[in-house]
Amino acid sequence: MSKIDYNYKEVELKNIINRNRKALFGFAALLIYAFHGWKAVFSDVPGLFEIENAIRKYGDVGVDIFLFLSGMGLVNSWKNCSSYKVFITRRFRRVLVPSVIASIVFVIVNLDDPMHAIKAITGFYYFTGRLNMYLWFGFTIVLLYLCFPFYYERFRKAKSQFLFTAAVILLWLIYIFLLKGHVNDWSYICLNRIPIFLIGIYAYHFVHAHEKLNPVLLYGVSGIMLTAGYCLAVRIKEGGLSLLLPHSYALLPYTMMAISLIILLSKLFTYIPHRILEFYGLFTFEFYCVQERIFQLLEDTFDSMPVIVDNLIVLAIATVCAYAVYLINISVRERIKEK
């Protein structure tokens, strides 16, 4: 086999990820939705039960997929911005309207306890470690937007981006280990996920520097990583295994799963239709913002129906509401001018 033929068959990872980016976001959004509120349908069906159960229990790995892809995407966004102000304006235009609408709805739903609502929407719970109370990912992504340009400029100037990334992650792990016992354990569902965001930033440079990759090695290693990451996550979540930090499944196991899923799905999407996933990829943040309130408001509404029907009705309502917020967001964003 000639060298030309060999190169032709190698994988252009950058291209297949970029081409399927929207579908990957949609896949992650639906994983998170299933984790938050999908009710078990196939409890008595061997095979399907195991698949459904894995998605419901470990669907929060979708957050890690988001963060990895966001890290990659922010590099490209920063390169196309003329200033920090323009970069932040663009990022805030993306999240402002969904956040405001979600806050208003949360206040209305919690009118009987206005102080609780205020603490939630202002970030008081988030910054005091009670991240499970309200939309922690929204606060996290805003903080990452604000910090990204400062981090990236130092990353870009480093002699070795790999060593720089590894050093920062190591320092971060030491830092959050020292925090243990001094902050709420719920803080670690966020703190443990910062490395996957940093890896995403590095991945942008890696895939551009290595445009051709051996497919056997790439997909073989990805398959092994996915299996090992999932098994380790099961040991931690269900087997009581501890890796020194609270919620440690969101550190190494989910990092392995997220990266391998992105690689494997990017390849898979070149062979199968994925328009539904691309549709959900349009409004992932809006979908995230509305779903918990939808679950809360419709918790027992359709219990008299078969579970699958209940699930599909709630999903349809959440989808319509999220898409409506997306359309409002698009309209408002067009009116916010960049200067």
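Not measured: the values here are computed from a predicted model. (Residues numbered from 1 in each chain as written. Predicted model: local features only at pLDDT ≥ 70, side-chain atom pairs only at ≥ 80, totals over all residues. Heavy atoms only, no water.)

Q: Quick question: what am I supposed to make of the environment of Phe283 here?
A: Considering the arrangement of structural elements, one finds Phe283 in the loop between α15 (275–281) and α16 (284–297). For Phe283, a relative accessible area of 0% translates into the label buried. When the C-alpha positions of Phe283 and Pro114 are compared, they lie 29 Å apart, and in sequence the two are 169 residues distant. Once you skip the residues sitting within four places of it in the chain, Phe283 turns out to touch Arg94, Thr319, Ala322, Tyr323 and Tyr326. (Helix = DSSP H or I, 4+ residues; strand = E, 2+ residues; numbered from the N terminus. Buried < 20%, exposed > 50% of the residue type's maximum accessible area, 1.4 Å probe, protein only. Contact = heavy atoms within 4.5 Å.)

Q: Could you clarify how one ought to interpret the packing of aromatic side chains in this entry?
A: The geometry of an aromatic ring pair is captured by the separation of the ring centres together with the interplanar angle, meaning the angle of the planes. Here the structure, examined in full by the defined rule, presents 34 aromatic pairs. Consider the rings of Tyr151 and Phe155, whose centres lie 6.1 Å apart with planes at 25°: the pair is stacked. Here the residue Tyr151 and the residue Phe155 both occupy positions in helix α9 (residues 136–157), the gap between them amounting to four residues, near one helical turn. Given a relative accessible area of 16%, Tyr151 falls into the buried group. Judged by relative accessible area, Phe155 falls into the buried class, the value being 0%. Between Tyr280 and Phe287 the ring centres are 5.3 Å apart and the planes differ by 55°, which places this aromatic pair in the tilted class. Grouping aromatic residues by their ring pairs yields a cluster made of Tyr33, Phe279, Tyr280, Phe283, Phe287, Phe295, Tyr323 and Tyr326. Above the plane of the ring of Tyr145 lies Arg91, whose end atom (NZ or CZ) is 5.6 Å from the centre. When the ring centre of Tyr249 is taken as origin, the NZ or CZ atom of Lys237, which lies over that ring, is 4.5 Å away. (Phe/Tyr/Trp six-rings, centres within 6.5 Å; stacked < 30°, edge-to-face > 60°. Lys NZ or Arg CZ within 6 Å of the ring centre and 35° of its normal.)

Q: Is there a simple way to explain the confidence of the model for the protein chain in this structure?
A: Reading predicted coordinates in detail is not appropriate for stretches of low pLDDT. The predicted model of the protein chain has a mean per-residue pLDDT of 91, with 95% of residues at 70 or higher. Across residues 1–8 the pLDDT falls below 50, and counting only partners more than four positions away or on other chains, this stretch makes four contacts in the model. (pLDDT = per-residue confidence, 0-100.)

Q: Looking at this model, I keep getting lost on the nonpolar core. Mind explaining?
A: Residues Trp136, Phe148, Ile201 and Phe287 are the most contacted members of the largest nonpolar core, which totals 95 residues. By residue number, the principal contributor to this core is helix α5 (residues 61–79), which donates eleven residues. Within the second largest apolar cluster, six residues are counted, among which are Tyr188, Leu191, Leu245 and Leu251. (Core = buried A, V, L, I, M, F, W, Y, C linked by side-chain atoms within 4.5 Å.)

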